[in-house]
Amino acid sequence: QVQLVESGGGLVQPDGSLRLSCAPSGNILSIYIMGWYRQAPGKQRELVATIASSGSTNYADSVKGRFTISRDNTKNVVHLQMNSLKPEDTAVYFCYIHGSVYSGGGGDYWGQGTQVTVSS
């Protein structure tokens, strides 16, 4: 069984910064893609950023230039540095991985989510 433990959410003022982290645990063999999605009240879950094992990154247009995703392949940890935060960034942020497990197979795995609130 794979579990994703997220940390770093909270309340921040506009133009502030937060850093989210996610550390998977369990029966993981390989992780191909790590990333973050978010879901605001009344809206669908949307991609924020992903990073492949090669280091290739992908960002939503709304966060380009403000957010930076990074990963430590030796520790299987993914971070999301969020700068210049705006009220519209307020959402529950979910860690995501796509990988394989020792028992065979694999797929998509999700964290339980961490709340990010941007408000004065």
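Just above sits the structure.
Residues numbered from 1 in each chain as written. Predicted model: local features only at pLDDT ≥ 70, side-chain atom pairs only at ≥ 80, totals over all residues. Heavy atoms only, no water.

What about the overall build of the protein chain?
Now for step 1: Helix and strand counts for the protein chain stand at zero helices and eleven strands.
Now for step 2: Each helix and strand of the protein chain, placed in order from N terminus to C terminus, yields the pattern β-β-β-β-β-β-β-β-β-β-β.
Now for step 3: At 14 Å, the protein chain has a C-alpha radius of gyration in line with the 14 Å of a compact globule built from 120 residues.
Now for step 4: Oriented by its inertia axes, the alpha-carbon framework of the protein chain measures out at about 45 × 25 × 20 Å.
Now for step 5: The burial tally for the protein chain puts 41% of its 120 residues in the buried class. (Helix = DSSP H or I, 4+ residues; strand = E, 2+ residues; numbered from the N terminus. Rg over C-alpha atoms; globule rule 2.2 N^0.38 Å. Buried < 20%, exposed > 50% of the residue type's maximum accessible area, 1.4 Å probe, protein only.)

Some remarks on the pattern of salt bridges
Now for step 1: Taken as a whole, this structure holds four salt bridges when the rule is applied.
Now for step 2: The closest approach of N and O atoms between Asp89 and Arg38, which form a salt bridge, is 3.0 Å. Residue Asp89 is located in the loop between β8 (77-82) and β9 (91-101), and its partner Arg38 is located in strand β4 (residues 28-39); the two are separated by 51 residues in the primary sequence.
Now for step 3: For Arg38, a relative accessible area of 6% gives the class buried.
Now for step 4: Measuring nitrogen to oxygen at the nearest pair gives 3.1 Å for the salt bridge that ties Lys64 to Asp61. Comparing Lys64 with Asp61 shows no difference in burial state: the two are exposed.
Now for step 5: Because the salt bridges share partners, they merge into one network encompassing Arg38, Glu46, Arg66 and Asp89. (Salt bridge = Lys/Arg side-chain N within 4 Å of Asp/Glu carboxyl O.)

A short note on the pairing of strand β10 (residues 106-110)
Two faces belong to every sheet, and in a regular strand the side chains alternate between them.
Now for step 1: As judged from the five bridges shared by β9 and β10, these two strands associate in the antiparallel manner. Its bridge partner being in β10, Ser100 is matched across the sheet by Gly106.
Now for step 2: The turn joining β9 and β10, which pair antiparallel and follow one another in sequence, is formed by four residues; a positive phi near 105 degrees is taken by Gly104. (Pairing = 2+ DSSP bridges.)

Some remarks on the pairing of β9
Now for step 1: Where burial is concerned, most of β9 is hidden: nine out of the eleven residues are buried.
Now for step 2: Pairing of β4 with β9, which is carried by ten bridges, proceeds in the antiparallel orientation. Residue pairing across strands places Met34 opposite Ile97, the latter belonging to β9.
Now for step 3: One ladder, built from three bridges, connects β9 with strand β11 (residues 114-118); its direction is antiparallel. When the bridges of β11 are listed, Val92 appears paired with Gln115.

Thoughts on unusual backbone geometry
Now for step 1: For Asp15, which is not glycine, the phi dihedral falls at a positive 75 degrees.
Now for step 2: Structurally, Asp15 is set in the loop between β2 (10-12) and β3 (18-26).
Now for step 3: A residue is classified by how much of its surface remains accessible, and Asp15, at 65% relative accessible area, is exposed.
Now for step 4: Look at Ser84: it is not a glycine, yet its phi comes out positive at around 50 degrees.
Now for step 5: As for its placement among the helices and strands, Ser84 is situated in the loop between β8 and β9.

Looking at the state of the cysteines
Now for step 1: Under the defined criterion, the tally for this structure stands at one disulfide.
Now for step 2: One disulfide bridge connects Cys22 with Cys95, the sulfur atoms lying 2.0 Å from each other. Judged by the sign of its S-S torsion, about -90 degrees, the cystine formed by Cys22 and Cys95 is left-handed. Of this pair, Cys22 sits in strand β3 while Cys95 is found in strand β9, placing the two residues 73 residues apart along the sequence. (Disulfide = S-S within 2.5 Å.)

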